[in-house]
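The primary structure of each chain is shown beneath.
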Amino acid sequence: MPRNPTRAVKIGTVTIGDGNPIAVQSMTATHTKNIDATIEQINALVNAGADVVRVAVDSTKDAEALAEISRQVTANLAVDLQENYRLAEVIAPHVAKLRYNPGHLYHHEREKPWQEKVEYLANVAIENDCAMRVGVNCGSVDPAMKEKYDLEDSISPMLESAFAHCDFLDSLNFTRYCVSLKDSDPQKVIEVNTRFAEQRPDIPLHLGVTEAGMPPDGIIKTRIAFEQLISKGIGDTIRVSLTLPNPRKPEEIDAGRQILEDIAAGRVRTVVDFGTKTLNIISCPSCSRVENEAFIDLAQQVKEMTTYAQEYDITIAVMGCRVNGPGETDDADLGLWCGPNHVNLKKGPEAIGAYPYDEILPRLREELDIIIEQKSSAPVS
């Protein structure tokens, strides 16, 4: 297969780009502070074939735990920095890659320009021999970029944010980074990554469909994007993001390896027209930010409860945490984002209320029925 002429980026013992094999990644779903459980899951992912394992750090306690975890595993660890980007200097000595989200940089020390924060991160990476990933997500785009475009255009602000961060990192003579541009819609993932690669074919791309959901649907959505992009030479590392119970997280690696094998062998399946005009349930992959593991069961229950609405062009988003939940449910017709004890129900960007886990399904069905009735009574154009 053709491969884009991307530059090499070393992540611990693995190098992506420059014609190297496409690396397969996953992310732990255990709470990082639970050192033993996190080590067990990292080892399970590595045994399944993970080249890089990402761990979320959201507090000093998480950072302290990851420092100890790194001493007990051989994996190439990446840290997922959340709003508190300053934790980078604490954890960088213990990992091979730092991942930051340009949109999340605004949540901490808001008086500082993003360039100052990125320069700090680049210096930390250089001092600690770390690679970086600029992780751009559809649901948490840099607000300064987003307000410049029509609300219906989610791709342009993602691209502008990515290009701006790449140009700035290059100006610092820091080039040991890759970029990801993720959406829950595989067609948008194809478009945004294709457009980025046309302008910056030198930068390695991390591919993924965010909030792909539960298998098998989540694997199908991801396969659609990966087959189209990798067949064009786009993509240097991948992650299949699935909503799974903790013991099943290695299935993400299995799915990624299978998709790569099929593409290499010419077994492509993207003739499937998946979810374009029917019910679409998106749910984020279980990760260490999930505050109540009941979220995983809830996602499955939502899927089962909504089967009667399969023929309607409706999107329902089920998110597992406060970090991505509020923003990444905005574009869904109905959104659930899960806290420790309550589930927040939204209709588009509008908050409806917070409900206990055992009361949310009937309330969701009420709102779903209203949308179905509105769609059924709408005049056909």
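Nothing here was measured: the structure is a model prediction, and the numbers come from that model. (Residues numbered from 1 in each chain as written. Predicted model: local features only at pLDDT ≥ 70, side-chain atom pairs only at ≥ 80, totals over all residues. Heavy atoms only, no water.)

1. Some thoughts on the packing of aromatic side chains
In step 1: Tallying each qualifying case throughout the model produces three aromatic pairs.
In step 2: Consider the rings of Tyr 85 and Tyr 120, whose centres lie 5.5 Å apart with planes at 80°: the pair is edge-to-face. Of this pair, Tyr 85 sits in the loop between strand S5 (77–81) and helix H3 (88–91) while Tyr 120 is found in helix H4 (residues 114–127), placing the two residues 35 residues apart along the sequence. This pair shows no difference in class: Tyr 85 is buried, exactly as Tyr 120 is.
In step 3: Summarising the aromatic geometry, the rings of Trp 114 and Phe 168 are spaced 5.6 Å apart at their centres and angled 75° between planes, so their arrangement reads as edge-to-face. (Phe/Tyr/Trp six-rings, centres within 6.5 Å; stacked < 30°, edge-to-face > 60°. Helix = DSSP H or I, 4+ residues; strand = E, 2+ residues; numbered from the N terminus. Buried < 20%, exposed > 50% of the residue type's maximum accessible area, 1.4 Å probe, protein only.)

2. Considering H4
In step 1: For H4, which comprises 14 residues, the first-to-last C-alpha distance of 20 Å matches the rise-based estimate of 20 Å (1.5 Å per residue) to within 8%.
In step 2: Along H4, the residues classified as buried are Trp 114, Lys 117, Val 118, Tyr 120, Leu 121, Ala 122, Val 124 and Ala 125.
In step 3: Buried-residue contacts for H4 involve S5, H3, strand S6 (97–100), strand S7 (131–137) and helix H6 (155–171).
In step 4: Among the residues trailing H4, Asp 129 stands out with phi positive, at a value near 60°. (Expected span 1.5 Å × (residues − 1). Contact = heavy atoms within 4.5 Å.)

3. Points about the packing of helix H1 (residues 35–48) against helix H9 (residues 250–264)
In step 1: Between H1 and H9, the shortest axis-to-axis distance is 8 Å and the interhelical angle comes to 20°. Relative to H9, the element H1 lies roughly parallel. The element H1 and its partner H9 pack so that their crossing is right-handed. Contacts between H1 and H9 involve Ala 44, Leu 45 and Ala 48 on the former and, on the latter, Pro 250, Ile 253 and Asp 254.
In step 2: When the residues that make up the contact of H1 with H9 are grouped by side-chain class, the tally is five nonpolar, no polar and one charged. (Axes fitted to C-alpha atoms, helices over the stretch in contact; angles between N-to-C directions. Parallel < 35°, antiparallel > 145°, perpendicular 65-115°, else oblique. Left-handed = near helix turned anticlockwise from the far one by under 90°. Nonpolar A, V, L, I, M, F, W, Y, C, P; charged D, E, K, R; others polar.)

4. Describing the pattern of salt bridges
In step 1: Going through the model one piece at a time under the given rule, you end up with 27 salt bridges.
In step 2: In this structure, Asp 129 and Arg 176 form a salt bridge, with 2.6 Å as the shortest nitrogen-oxygen distance. Pair noted here: Asp 129 is in the loop between H4 and S7 and Arg 176 is in the loop between H6 and strand S8 (177–182), with a separation of 47 residues, a long-range link.
In step 3: One salt bridge in this structure joins Lys 347 and Glu 367, with 3.7 Å as the shortest N-O distance. Of the two residues, Lys 347 is situated in strand S14 (residues 342–347) and Glu 367 in helix H12 (residues 360–377); the sequence distance between them amounts to 20 residues.
In step 4: You can call Lys 347 partly exposed: its relative accessible area is 25%.
In step 5: Judged by its relative accessible area of 8%, Glu 367 is buried.
In step 6: Taken together, the salt bridges that share partners define one network made up of Arg 7, Asp 167, Asp 170, Arg 200 and Asp 202. (Salt bridge = Lys/Arg side-chain N within 4 Å of Asp/Glu carboxyl O.)

5. A word on the side chain of Thr 38
In step 1: Here Thr 38 shows up in helix H1.
In step 2: If near-sequence neighbours (up to four positions away) are discounted, Thr 38 is found in contact with Thr 28, Thr 30, His 31, Thr 32 and Ile 69.

6. Focus: the sheet that holds S8
In step 1: Pairing in this open sheet of eight strands is parallel, and the strands run S8-S7-S6-S5-S4-S3-S10-S9 from one edge to the other. Looking at which strands have only one partner, the edges of the open sheet turn out to be S8 and strand S9 (206–207).
In step 2: Pairing between S9 and strand S10 (residues 237–239): two bridges, direction parallel. Looking at the pairing, Leu 207 lines up with Ile 238 of S10.
In step 3: Contacting strand S4 (52–57) and S5, helix H2 (residues 60–72) runs over the sheet at an angle of about 155° to S4.
In step 4: Along the sheet, H9 makes contact with strand S3 (23–27) and S10, crossing S3 at roughly 155°. (Pairing = 2+ DSSP bridges.)

7. Overview of the pairing of S3
Each regular strand shows side chains that alternate between the opposite faces of the sheet.
In step 1: In terms of residue burial, S3 counts as a mostly covered element, since five of its five residues are buried.
In step 2: The side-chain alternation of S3 yields two buried faces, one formed by Ala 23, Gln 25 and Met 27 and the other by Val 24 and Ser 26.
In step 3: Here S3 runs beside S10; their pairing, made up of three bridges, is parallel. The partner of Gln 25 across the bridge, within S10, is Arg 239.
In step 4: As paired strands, S3 and S4 are joined by three bridges and run parallel to one another.

8. Digging into empty space enclosed by the protein
Taking a probe equal in size to a water molecule and rolling it over the atoms shows the remaining empty space.
In step 1: Under the defined criterion, the tally for this structure stands at three cavities of 30 Å³ or more.
In step 2: As a volume, the second largest cavity reaches approximately 40 Å³.
In step 3: Together, Leu 105, Tyr 106, Arg 110, Lys 112, Trp 114 and Lys 117 line the second largest cavity.
In step 4: Class assignment of the residues belonging to the lining of the second largest cavity gives a composition of three nonpolar, no polar and three charged. (1 Å grid on protein atoms, 1.4 Å probe; cavity = no way out; pocket = protein on both sides within 12 Å on 5 of 7 lines; lining within 4 Å. Points joined across faces, edges and corners; volume = space filled by probe spheres on them.)

9. Brief notes about helix H7 (residues 186–199)
In step 1: Compared with an ideal rise of 1.5 Å per residue, which puts 14 residues at 20 Å, H7 spans 20 Å between its outermost C-alpha atoms and is within 8% of the ideal.
In step 2: Close packing links the buried residues of H7 with H6, S8, S9 and helix H8 (217–230).
In step 3: At the N-terminal end of H7, a side-chain oxygen is found 2.9 Å from the backbone nitrogen of Gln 187, two or three residues along, and the residue is Asp 185. (Polar contact = N/O pair within 3.5 Å; in protein donor to acceptor, adjacent residues only side chain to side chain.)

10. Describing the pairing of S5
In step 1: With respect to burial, S5 is a largely interior element, five of its five residues being buried.
In step 2: Burial along S5 is two-sided: the residues Leu 77, Val 79 and Leu 81 and Ala 78 and Asp 80 are all buried.
In step 3: One ladder, built from five bridges, connects S4 with S5; its direction is parallel. When the bridges of S5 are listed, Val 57 appears paired with Leu 81.
In step 4: Tracing the backbone out of S4, into H2 and back to the parallel element S5 gives a crossover that is right-handed. (Right-handed = clockwise from strand over helix to strand, strands pointing away.)

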